[in-house]
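The primary structure of each chain is shown beneath.
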Amino acid sequence: MKFRDSTTGALIYQVTDHPAISHPSYFLQSSFLPGDESLFFTSYRTGSAQLFQAGFPEGPIRQLTDGPGIHPFSPAAHPSGREIFFVRGGELLAVDLRSLAERRAAGIEGAQLGEPSISPDGEWFVTAFKQGAQAGLLVGRLNAAGAQLIPFPRTVIHPQFHPLDPQWIEFAADPAPRMFRVRRDGAKMECLYQHGNDEFIVHETFLGTTGDLVFTVWPHRLCRMDWTTRHVRVIVEHNAWHIAPNRSGTEILCDTNHPDRGIQIVDAATGTLRTVCRSDATNQGSQWRTSRYALAEDFAAARSAAKSGENLSWMETAADTVYGPQWTHPHPSWSANEDKIAFASDRTGTTQVYVAAAF
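Keep in mind the model is a prediction, meaning the values are calculated, not measured. (Residues numbered from 1 in each chain as written. Predicted model: local features only at pLDDT ≥ 70, side-chain atom pairs only at ≥ 80, totals over all residues. Heavy atoms only, no water.)

Regarding its fold elements, the chain presents 1 helix and 30 strands. Expressed as lengths along the three principal axes of its C-alpha atoms, the size of the chain is roughly 50 × 45 × 45 Å. Here the chain holds 359 residues, and 59% of them are scored as buried. Of all intrachain contacts in the chain linking residues separated by at least 6 positions in sequence, the fraction that spans at least 24 positions is 45%. As displayed, the chain offers around 14,100 Å² of accessible surface, 49% of which is attributable to carbon and sulfur atoms. Of the charged side chains in the chain, 31 are positive and 38 negative, and the gap between their average positions amounts to 1 Å. (Helix = DSSP H or I, 4+ residues; strand = E, 2+ residues; numbered from the N terminus. Buried < 20%, exposed > 50% of the residue type's maximum accessible area, 1.4 Å probe, protein only. Contact = heavy atoms within 4.5 Å. Areas by Shrake-Rupley, 256 points an atom, 1.4 Å probe, with all protein chains shown as cover. Lys, Arg positive; Asp, Glu negative; His and termini not counted. Charge placed at Lys NZ, Arg CZ, Asp CG, Glu CD.)

This paragraph deals with the pattern of salt bridges. Inspection of every chain in the model, using the stated rule, returns 17 salt bridges. Here D212 makes a salt bridge to R224, at a shortest N to O gap of 3.0 Å. Taken together, the residues span a long stretch of sequence, with D212 in the loop between β20 (201-206) and β21 (213-217) and R224 in strand β22 (residues 221-225) at a distance of 12 residues. Assigned by exposure class, D212 and R224 land together as buried. The partner of D280 in a salt bridge is R347, with the nearest N and O atoms 3.5 Å apart. (Salt bridge = Lys/Arg side-chain N within 4 Å of Asp/Glu carboxyl O.)

Moving on, we come to the sheet that holds strand β3 (residues 22-24). Read from one edge to the other, the open sheet built from 4 strands follows the order β3-β4-β5-β6, with strand pairing classed as antiparallel. The sheet is open, and its two edges are formed by β3 and β6 (61-63), each paired on a single side. Going across the sheet, the axis of each strand differs from the next one's by a mean of 35°, ignoring polarity. Pairing analysis gives 3 bridges linking β3 to strand β4 (residues 38-43), with the strands arranged antiparallel. Across the sheet, P24 pairs through a bridge with F41, a residue of β4. (Pairing = 2+ DSSP bridges. Axes fitted to C-alpha atoms, helices over the stretch in contact; angles between N-to-C directions.)

Our focus in this paragraph is the sheet that holds strand β25 (residues 251-256). The pairing of strands in a sheet comes from backbone hydrogen bonds and takes either a parallel or an antiparallel form. The antiparallel open sheet is built from 4 strands, whose spatial order is β24-β25-β26-β27. In this open sheet, the two strands that pair with only one neighbour each are β24 (240-245) and β27 (273-277). Within this sheet the neighbouring strands show an average axis-to-axis angle of 30°, counted without direction. Bridge analysis of strand β26 (residues 263-267) against β27 gives 4 bridges, and the strand direction is antiparallel. By the bridge assignment, V266 is partnered in β27 with L273.

On to the nonpolar core, then. Counting 21 residues, the largest nonpolar core has F200, F215, W288 and Y323 as its most contacted members. Dropping the residues within four chain positions of it, F215 is found in contact with M179, I201, V202, H203, E204, R221, L222, C223, M225, V232 and I243. Residues A20, A49, I70 and F86 belong to the second largest nonpolar core, which totals 16 residues. (Core = buried A, V, L, I, M, F, W, Y, C linked by side-chain atoms within 4.5 Å.)

With respect to the secondary-structure elements, Q50 resides in strand β5 (residues 50-55). Engagement of the side chain of Q50 in a polar contact is seen with the side chain of S48, the distance being 3.0 Å. Here the side chain of Q50 touches T65 through a polar contact of 2.7 Å, side chain to side chain. Dropping the residues within four chain positions of it, Q50 is found in contact with F41, T42, S43, Q63, T65, D66, G67, P68, G69, I70 and R88. (Polar contact = N/O pair within 3.5 Å; in protein donor to acceptor, adjacent residues only side chain to side chain.)

Within the structure shown, the criterion is met by 21 aromatic pairs. Measuring from ring centre to ring centre gives 5.7 Å for Y26 and F73, while their planes differ by 70°; the resulting arrangement is edge-to-face. In this pair, Y26 is assigned in the loop between β3 and β4 and F73 in the loop between β6 and β7 (76-77), connecting sequence segments 47 residues apart. Accessibility assignment for this pair places Y26 and F73 in one class, buried. (Phe/Tyr/Trp six-rings, centres within 6.5 Å; stacked < 30°, edge-to-face > 60°.)

Attention now moves to the pairing of strand β29 (residues 340-345). Strand residues, when the strand is regular, have side chains that alternate between the two faces of the sheet. The buried fraction of β29 amounts to 6 of the 6 residues, a majority that puts the element mostly inside the structure. Looking at chain direction, strand β28 (residues 333-334) and β29 are connected through 2 bridges and run antiparallel. By the bridge assignment, S333 is partnered in β29 with A342. Counted along the chain from β28 to the antiparallel partner β29, the turn is 5 residues long, and its residue E338 has a positive phi close to 60°. Where β29 hands over to strand β30 (residues 352-357), the hairpin turn is made up of 6 residues, of which G349 adopts a positive phi near 105°.

Further remarks concern the environment of A244. On the secondary structure map, A244 appears in strand β24. Of the residues examined, A244 reaches a relative accessible area of 5% and is grouped as buried. On a C-alpha basis, the gap between A244 and G208 in space is 9.0 Å, while along the polypeptide they are 36 residues apart. Residues contacting A244, with those up to four places away along its chain left out, are F27, E251, I252, L253, P332, S333 and W334.

This is the structure we're talking about:
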């Protein structure tokens, strides 16, 4: 089904239409495969989170994984487009898109892995891990046995390879301070920016091939950090939420919340904003109404108030509504050709996968 956005007139495709939740991959990953003729997504239509592929703009939907449920926001395509990597429990796995055969890339028995990042050259992976009281990074080659553990004293989320130098990894920590970097061999671990709980820094990522970082100080502004000097400057005073720069680093895709101003594209040089379309997502999570990280009492209040839920990240427990549910957030991301965006919306009452023309 396709329709025009009521605000901008952008052409929007509804890719899925099933009573179960379906959503694209996390905003740090493109959900499109090379050529933009298909995209992958997570759906609960079989009773657990599994990976699916849909033709675009039309085409059949096929199931790519089966068995125990996967980490719903973990799928990441290899740059070649031949495999999609995903997490199931303590294992990083890959599914071959031709044969649907699965292979194990790495794992830690008894651990939980986070969403993986694949280096731009397609040689390396990094993912966060948590095993009891232990946390940190798991780093290794995608096609070689063995991987290195880089321990860290706090929860780790969203590790990413530097786009120009895959020997560097940036990652987020919880609680504050948030932004860190480390060499792939575990050397030169350092905090990039010292701040407290009341400076709500989220969703940092690389500004394309500029090599600099961009991040949100929620809900006030979108900022850029020089990778070398660590100088920070404001791009725009705006409630940019989940942010996804294009490859060249000239534009930053984002959704918005409190208020929801729709899905927008920010000019990285000028801060000029352009609305792509409405998301009409419910954007749940009590903490997004505040300008600080959640404290123990916030989680306790959410646990007592919530009726149901699922453990989607280490920042949420089973019934929390502090930062989610994540499937109620749009999490927009660019297509491979960067002329379209994929996003999630529960506008119909159940989260579905949408694609909008970006230009």
